[in-house]
Amino acid sequence: MTSTATYIPWLTLLIALPLAGTLICLIFRRLPTACRWWTLISTLVVLGVAIGLFLQGPTIDGWYGFEDVPWIDRFGCRWTLAMDGISLLMVALTGFLQVVVTIISWRQKKHTALFFCLLLLLESGLLGVFLATDLILFYLFWEMMLIPMFFLIGVWGHGQKVYAAVKFFIFTLTGSLLMLLAMIALYLLHGQQTGDYTFALEALKQTRLGPWEPWLYGGFMLAFLVKLPVVPLHTWLPDAHTMAPTAGSLDLAGLLLKTGAFGILRFAFPLFPTTARASLPLLIAMALIGMYYAAWIAWRQNDIKRLIAYSSVSHLGVVLLGMASGNAIALQGAILLMACHGITTGAMFAVISMLHRRTGTRDLDRLGGLWQTTPVLAAFFLFFALASLGLPGLANFSGEILVFAGVFQQQPLWGALALPGMVFTAAYILRMVQGTLWGSRPSCRACPDLSWGELTALIPLAVMTLWLGVAPGMFLEPLHGPVKLLVDSLMAAQGGLP
Amino acid sequence: MSGLELYALLPQLILLFGSLSVLMIGAWNPTRRPLLLIGVVTAATAAIAAAFWPAPVAEVARMFGCGPYARFFTVLWSLAAGLCLLLSLRYGANRKFPGGEYTSLVLFAAAGMSLLSSATSLLGIFLGLESFTLVLYILIAIDKNCLLGAEAGLKYLAMGIIATGLLGFGIALIYAATGTFHLPEAMAKLGTEQGLPPIGLLGWGMLLAAVGFKVSLVPFHLWTPDVYQGAPAPVTALLSTGAKGSLLAALILLLPGLSTASFADLTPVLWMLAVVSMLVGSLCALRQTNFKRMLAYSSVVHMGYVLTALLTGGNHGFGAVIFYLVVYTVANFGAFGVITSFALQGQEPQEYADLSGLGYHHPRRSTALALFMLSLAGVPPTAGFIGKFGIFYAAVDAGYQGLALMGVLASLLSIYYYLRPIIVLFMADERSACLHHGSVEENGVIAFCLAAVLFLGLYPGPLLDLVTLILPG
C-alpha cells in the first residue's frame, strides 16, 4: 500500500466539511434557514466528492484514496484514512442519504440549528468510520456517531424517547468498550512481537495471536454485532427506530446499521482470519435465526414503523448470511444489499412519516384506504414496500439474488434453509401494504397528497431504488477487488474453534 | 537554607507571599473584587515562574524537589487556584465571602498542594498535606450562613483529623524502621528481598488508609458526598481536583522507591481498593439525584481508575496517572464552573430537577457541561477518552486484565449517571428558567476548560510527551 500522490487530502476534507458545517450551524443558530441551506450544501458537496472519487477510479493497488499523518506519537496512533471500493460505496451511500435526510427534515421547527448541527456531526462520524484504518481513529469516530444519534432520538423523538436513546447508547457502548479492550490487547501483542507499537490495520494483520485470537475476535465482533444487529443483541433497535424522528430512523437504518457490517468486513475478518473462518457456521446460524425471528416478530406488529424496524433486523440477517458464506459473489451481494437496504428502508421510514403526518396514526388497525385518498403517496409506499420485499427489478432483489446465488454455491443446505425467509418477508410486507393502502376505512377524508418538497426527497430515492435494481453492475464494480482479497484471506485461513 | 534553595522555591514563595499580602491588604481594605483579582494574578505569576524559571538546585532541604516533575504540578495547582478564584468573583460577592481571607486561603492551599506534589521526604508530605487540608477546613465552611457548609466543614475536619493521625503514625513507623525521612532511601531501606517487614507493612497500611481518606477511596469515602454538596462550588472544584491530585502525585514519588518484593506485598491491598472504589462508587452514583453528590461518587470511581494505573507502575502507568489527573482536573473544574455560573444569589442549582430544560435557555454552557460529562465518562472525542485509554492500556500492559475489565464495567455504569444530567438538560420539558446568565470570568473559565478538554481529546500528543519528560527516574 503506497500513498497516492494526491496533494488534496480529499478524505480528510470529506470528514472536515460536515464538521465545519457543525460549527457554522452552532454559530448561526439564530438563522435556521441559513443552517438548512448550509447543511444541504455540505451534504451535496460530500456526495459530489464521493462521486468524483468514483469517477476518478482507483489507483493500481485498488485504493481510491489514502492519507496518513502522525497523530498521537506516544501511542503510535496515526491519522490514517483509506478508501477502498467498499468504503467508497458506503461513503456514497452516506452522502446520498444525508442529502435526502436534509430535504426531509427541511421543515424541522424544534431547535432547527441544533438539529442540523447534529446531523452534520453524525455524517462526519459516519464518514470517519468508513474511512479510518487506524484502530484508535476508527474507535474515535465510532463513538462520535453515538452522541449526535443519542440527541437526535432523545430530543426530537416521540414517545419514550429518552428510554430509547439511553438504551441505544448503553447497548452500543457496551460492545465498543469491549472492542477497545481487544484493540489494546492486539496492539500490545503486536508491539511485543515486533517492537513496533502501532494501531495501523495493515500492520496488525500480521500479528500472531495464538490463544488470544478468539477472545479478541469476540471483543470486536460483539461491538459490530450489536450495531448490525443480530438477534439476541437487537433489542435496542426497535425502540430506537420507532421513537426516533424520521431523520434519525433513516440514518439509523440506512447508515448506522451498516457500520456494524462494515466493521466486520474491514476489521474483524481481516484481523482474525482463522477464528473468523471457524466462526462462519455460527454466524450463519445467527443470521438465519435473525432472519426468521425478526420476520416473525414483524408479522405480529401493528405499528408500521416498528414493523419496518424489525424488517431491518431481518434484512441484515441476509446481509450477515452473505458475509458469512465465505463466497465472493455472496459477499458482493451482501455489500450491495447493504446499500439497497439503506435506500429502501430509509425510503420506507420517510414514507411512513409522511403518512403519519397526514393520518396521525401508524396503527395498522386504524389505517386503510390510502390508495383512494392519497394516490401518489400510496404509489410511493407500494413501490418502496415492494422493493423491500425483494421484487425483481428493484433494489433489494439484486443484492438478495447475489447472496443466495453465492450461498448456494458454497453451502446449498444453508441456502435452502434461508430461501423460505423470503416468503416470510413477503408475508409481513404484504400484510402492511394491504392494511395501509386498501381496505374500507379511509383513515383520513381529505388529507393532501404529497407536496413538492416531499416529492423532491422521494424521487431520488425511487430513482436509486430502480437503478440499483436494474443496473447494479456499476455499483458492484469497485467491490470486486476488495471482496476478492477479503474472501481469499478468509478462506486461506485454517483452523477451528478452540 | 541557601539563597539558591530559596530561589528554587520561588513559585511556592510567590504563592505564600501573595497569600500573606492579600490577607494584610484585606484587613485594611476589604473590597472583595480587587483582592480576588490580586489572587488570580499571584496564582498566574506563580504558574509562570514555575514553568519558565527552572530551579538551580534539584532539591531543597532534602524535603522538596524542584525538578520538572514538581514544577509541572506547581503550574497545575496554581492554575487550579487561579480558576477557583475567578469562579469565586461573582459567587463570592453573592455569598458575601470575606475577600481577603478567602483569597489568601486559596493561595495558601495552592502552595500546600504544590509542596505536597514535590515532596521528596515523608516530612514534606506531611507538611504539604496538612497545610492545605487545614486551609480547606475553613474554605469549605467559609459561608457562615450556610448550614450545609458548616456541616461539610465539620465532617471534613473529623475525617481529616483521623487521616492526619494515621498519616503521622505511618510516617513514624516507617521512620522507626528505616531511620530516614528521605524518600527513595526510606522506601528502599524499608523492604528486604522477602518483602516488607511487619513494621513497614504496618506503616504502609496506615499511610494507605490516610491516602484513602484524603482521595476518598472506598471504604474511606463516606465524607465525600456531604462535603461536595455543602462546600461552595468553586471550593468543591479545588477540593475534588487539587486536594486529591496532589496526594496522588506524591504517591507516584513514593511507590517506585519500593523494591519489587515490597511492592508485591502492597499489590493486593491496592488492587482491592481500586476494585471496590470503582464498584461501590459507580453503584452509589447511579442513585444520586443531586449533581454535586453524583460528582462526589464519580470522583470515587475516578480515583479507582487512577489507582489502577498507579498499581501498574512504570512509565506507562505513572504517565497515565498524570495525564488523567490533568484531564480530570480540567473536566471537573469545567463542570463545577458551569454550576457556579448558574448560581443565582449564591444558590446553586444542585438537584437535577433544577437543571431540567436548561439546555435551550443556556445552550452554550449546557453544551459545555454535557461535554464535561462526556469527558468524565471517557467518550471520544473528549480528553477523558485518551486518559482512560492510557489507563486501560497501562493495566493490560502490566497484566492487570481483571482491573481493566473492572474499569470497563465501571465506565459502562458511569455512562448512565453522566448521561442523566445531559438528559435533564436537553430532553426534559422546558421550563422558564431564571438562572444567572454567567459573568465574563465564569464564561472564560468554562471556555478555557472546554477548549482544553477538546484539544487534549483530539491532539493529546504534546501533553503526553511532556508527561513522559517530567517523570522522575
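Reading the values: the criteria
Along each chain, residues carry numbers from 1 onward, in the same order as the chain's sequence is written. All chains are assigned letters beginning with A, and all ligands numbers beginning with 1, in the order in which they are written. Confidence filtering applies because this is a predicted model: local features only for residues at pLDDT of at least 70, side-chain atom pairs given and counted only at 80 or more, and all residues used for totals across whole chains, interfaces and linings. Each side-chain value is derived from all of the structure's non-hydrogen atoms; neither hydrogens nor water enter the calculation. The secondary structure listing takes helices from DSSP runs of H or I that are at least 4 residues long and strands from runs of E that are at least 2 residues long, numbered from the N terminus. Note that the radius of gyration is over C-alpha atoms, with the globule rule given as 2.2 Å times the number of residues to the power 0.38. For the exposure calls, accessible area comes from a 1.4 Å probe over protein chains only, and a residue counts as buried if that area is under 20% of its type's maximum, exposed if over 50%, partly exposed in between. Contacts: residue pairs with any heavy atoms within 4.5 Å of one another. For accessible areas, the Shrake-Rupley method is used with a probe of radius 1.4 Å. Any residue's cover is judged against the shown protein chains and nothing else. For the charge count, each Lys or Arg is scored as positive and each Asp or Glu as negative, with His and the chain ends excluded. Note that the charge is assigned to NZ on lysines, CZ on arginines, CG on aspartates and CD on glutamates. Once two parts are put together, the accessible area they lose, assessed with a 1.4 Å probe and summed over both, is termed the buried area. Think of a salt bridge as a Lys or Arg side-chain nitrogen and an Asp or Glu carboxyl oxygen that are within 4 Å of each other. A 3.5 Å cut-off defines polar contacts: any pair of N or O atoms within that distance qualifies, except that in protein one atom must be a possible hydrogen donor and the other a possible acceptor, and neighbouring residues in sequence count only when both atoms are side-chain atoms. Three classes are used: nonpolar for Ala, Val, Leu, Ile, Met, Phe, Trp, Tyr, Cys and Pro, charged for Asp, Glu, Lys and Arg, and polar for all others, with Gly counted as polar. Multiplying 1.5 Å by the helix residue count minus one yields the expected span of that helix. What makes a patch is a set of residues exposed beyond 30% relative accessible area and free of salt bridges, joined within 9 Å when like-charged and within 5 Å when nonpolar (Val, Leu, Ile, Met, Phe, Trp, Tyr). Pairing of aromatic rings covers Phe, Tyr and Trp, the last through its six-membered ring, and needs centres within 6.5 Å; plane angles under 30 degrees mean stacked, over 60 mean edge-to-face, and all others mean tilted. Between any two strands, pairing holds if DSSP finds at least two bridges. For every residue, the predictor states its confidence as a pLDDT score lying anywhere from 0 to 100. We define the nonpolar core as a collection of buried residues of types Ala, Val, Leu, Ile, Met, Phe, Trp, Tyr and Cys that are connected through side-chain atoms lying within 4.5 Å of one another. To define axes, lines are fitted to C-alpha atoms, for helices over the stretch in contact only, and angles between the resulting N-to-C directions are given on a 0 to 180 degree scale. Roughly parallel means an angle under 35 degrees; roughly antiparallel, over 145; roughly perpendicular, 65 to 115; everything else is oblique. Put simply, a crossing is left-handed when the front helix is turned counterclockwise from the back one by less than a right angle, and right-handed when it is turned clockwise.

Moving on, we come to the overall build of chain A. Regarding its fold elements, chain A presents 22 helices and 2 strands. For 498 residues, the compact-globule estimate of 2.2 N^0.38 gives 23 Å, and the C-alpha radius of gyration of chain A, at 22 Å, lies within 12% of that figure. Along the three orthogonal principal directions, the C-alpha set of chain A runs to about 75 × 55 × 40 Å. The proportion of buried residues among the 498 residues of chain A is 64%. Within chain A, residue pairs in contact and separated by at least 24 positions form 79% of the contacts whose partners lie at least 6 positions apart. Per element, the accessible surface of chain A, about 17000 Å² overall, is 68% carbon and sulfur.

All right, on to the overall build of chain B then. Helix and strand counts for chain B stand at 20 helices and 2 strands. Once the C-alpha set of chain B is aligned to its principal axes, its extents read approximately 70 × 55 × 40 Å. A burial count over chain B gives 66% of its 473 residues as buried. A separation threshold of at least 6 residues defines the contact pool for chain B, and within that pool the share at least 24 residues apart is 81%. Carbon and sulfur atoms make up 71% of the accessible area of chain B, which amounts to about 15500 Å² in all. Across chain B, 20 positive and 19 negative side-chain charges occur, with their mean positions spaced 7 Å apart.

So, on to the interface of chain A and chain B. On the side of chain B, 38 residues touch chain A, which itself brings 36 residues to the contact. Interface area lost by chain A to chain B is led by A:R74, A:F75 and A:L181, which between them contribute 19%. Viewed at the interface, chain B and chain A are joined by 0 salt bridges. Here chain A and chain B share 2 residue pairs in polar contact (both at pLDDT 80 or more) between them. Secondary structure elements with two or more residues in the side of chain A that touches chain B: β1 (65-72), α5 (135-144), α6 (146-156) and α7 (161-194) of chain A. Per element, the largest residue contribution to the side of chain A that touches chain B is 16 residues, and it comes from α7(A). Split into classes, the residues belonging to the side of chain A that touches chain B amount to 28 nonpolar, 4 polar and 4 charged.

Residue and element names in this part refer to chain B. Assignment of secondary structure puts T236 in helix α11 (residues 233-254). With 97 residues separating them in the primary sequence, T236 and F333 have C-alpha atoms 9.0 Å apart. The contacts of T236, once residues within four sequence positions are left out, are Y228, A231, K292 and F336.

Counted at 1.5 Å a residue, the expected span for helix α5 (residues 99-117) of chain B with its 19 residues is 27 Å, and the 27 Å between its end C-alpha atoms agrees. Of all 19 residues making up α5(B), 17 are buried, and the element is well covered by its neighbours.

Take a nonpolar patch on the surface next. Residue and element names in this part refer to chain A. There is a patch of nonpolar side chains on the surface, built from I289, Y293, W296, W299, V423 and F424 and spanning about 630 Å² of accessible area. Per element, the largest residue contribution to the nonpolar patch is 4 residues, and it comes from helix α12 (residues 273-299). Tracing the backbone shows F424 in helix α19 (residues 421-437). Residue classification places F424 among the partly exposed positions, given a relative accessible area of 37%.

Take the packing of aromatic side chains next. Under the definition given, this model contains 46 aromatic pairs over all chains. On the numbers, 5.5 Å between centres and 35° between planes, the contact of A:F138 with A:W142 is tilted. One end of the pair, A:F138, and the other, A:W142, are both in helix α5, 4 residues apart, so they sit about a helical turn from each other. Each member of the pair, A:F138 as well as A:W142, carries the same accessibility label: buried. Aromatic pair B:F73 and B:W77: ring centres 5.9 Å apart, planes at 25°, arrangement stacked.

The subject of this paragraph is the pairing of β1(A). All names here are of chain A. Pairing of β1 with strand β2 (residues 77-83) involves 7 bridges; the strand directions are antiparallel. Paired with I72 across the bridge in β2 is C77. Adjacent in sequence and paired antiparallel, β1 and β2 are bridged by 4 residues, among which G76 carries a positive phi angle near 75°.

Here the focus is the pattern of salt bridges. Inspection of the entire model under this criterion finds 17 salt bridges over all chains. A salt bridge links A:K167 to A:D239; its shortest N-O distance comes to 2.8 Å. With A:K167 in helix α7 and A:D239 in helix α10 (residues 236-243), this residue pair connects regions lying 72 residues apart in the sequence. The shortest N-O distance in the salt bridge between B:E348 and B:R95 comes to 3.8 Å. Taken together, the positions of B:E348 in the loop between α14 (314-342) and α15 (352-355) and B:R95 in helix α4 (residues 68-95) put the pair 253 residues apart, joining distant regions of the chain. Several salt bridges share partner residues, and in doing so they unite B:R95, B:D143, B:K292 and B:E348 into one network.

Our next topic: the confidence of the model for chain B. On average, residues of chain B score 91 in pLDDT, and 99% of them are at 70 or above. As scored by the predictor, the complex reaches a pTM of 0.93 and an ipTM of 0.89.

All names here are of chain B. Residue position: R365 is located in helix α16 (residues 363-377). For R365, which is buried and forms no salt bridge, the nearest opposite charge comes from E442, at a distance of 5.6 Å. Of the polar contacts made by the side chain of R365, one reaches the side chain of H362; its length is 3.0 Å. The contact partners of R365, leaving out residues within four places of it in the chain, are V338, S341, F342, H436, H437, G438, N443 and I446.

The biggest cluster of nonpolar side chains holds 376 residues, and the ones touching the most others in it are A:F220 and B:W204. Those residues in contact with A:F220, other than ones at most four positions away along the chain, are A:L135, A:M179, A:A182, A:M183, A:F267, A:A268, A:L271 and A:F272.

To continue, consider the packing of helix α4 (residues 112-131) of chain A against helix α11 (residues 246-271) of chain A. Residue and element names in this part refer to chain A. Where α4 contacts α11, the axes come no closer than 10 Å and their chain directions differ by 15°. As the angle between them shows, α4 and α11 are arranged roughly parallel. Of the two elements, α4 crosses α11, and the hand of that crossing is left-handed. Each of F115, L119, L122, L126, V129, F130 and L131 in α4 lies in contact with α11, whose residues at this interface are A247, D251, L255, L256, K258, T259, F262 and R266. Tallied by class, residues from the contact of α4 with α11 come to 11 nonpolar, 1 polar and 3 charged.

All names here are of chain A. Following both chains from N to C, one finds helix α14 (residues 328-359) and helix α17 (residues 395-410) inclined at 155°, their axes separated by 7 Å at the closest point. The orientation of α14 with respect to α17, classified from their angle, is roughly antiparallel. Remark: the crossing between α14 and α17 carries left-handed chirality. Of α17, the residues touching α14 (which contributes I329, A330, G333, A334, L336, L337, C340, H341 and T344) are A395, N396, S398, G399, E400, L402, V403, G406, V407 and Q409.

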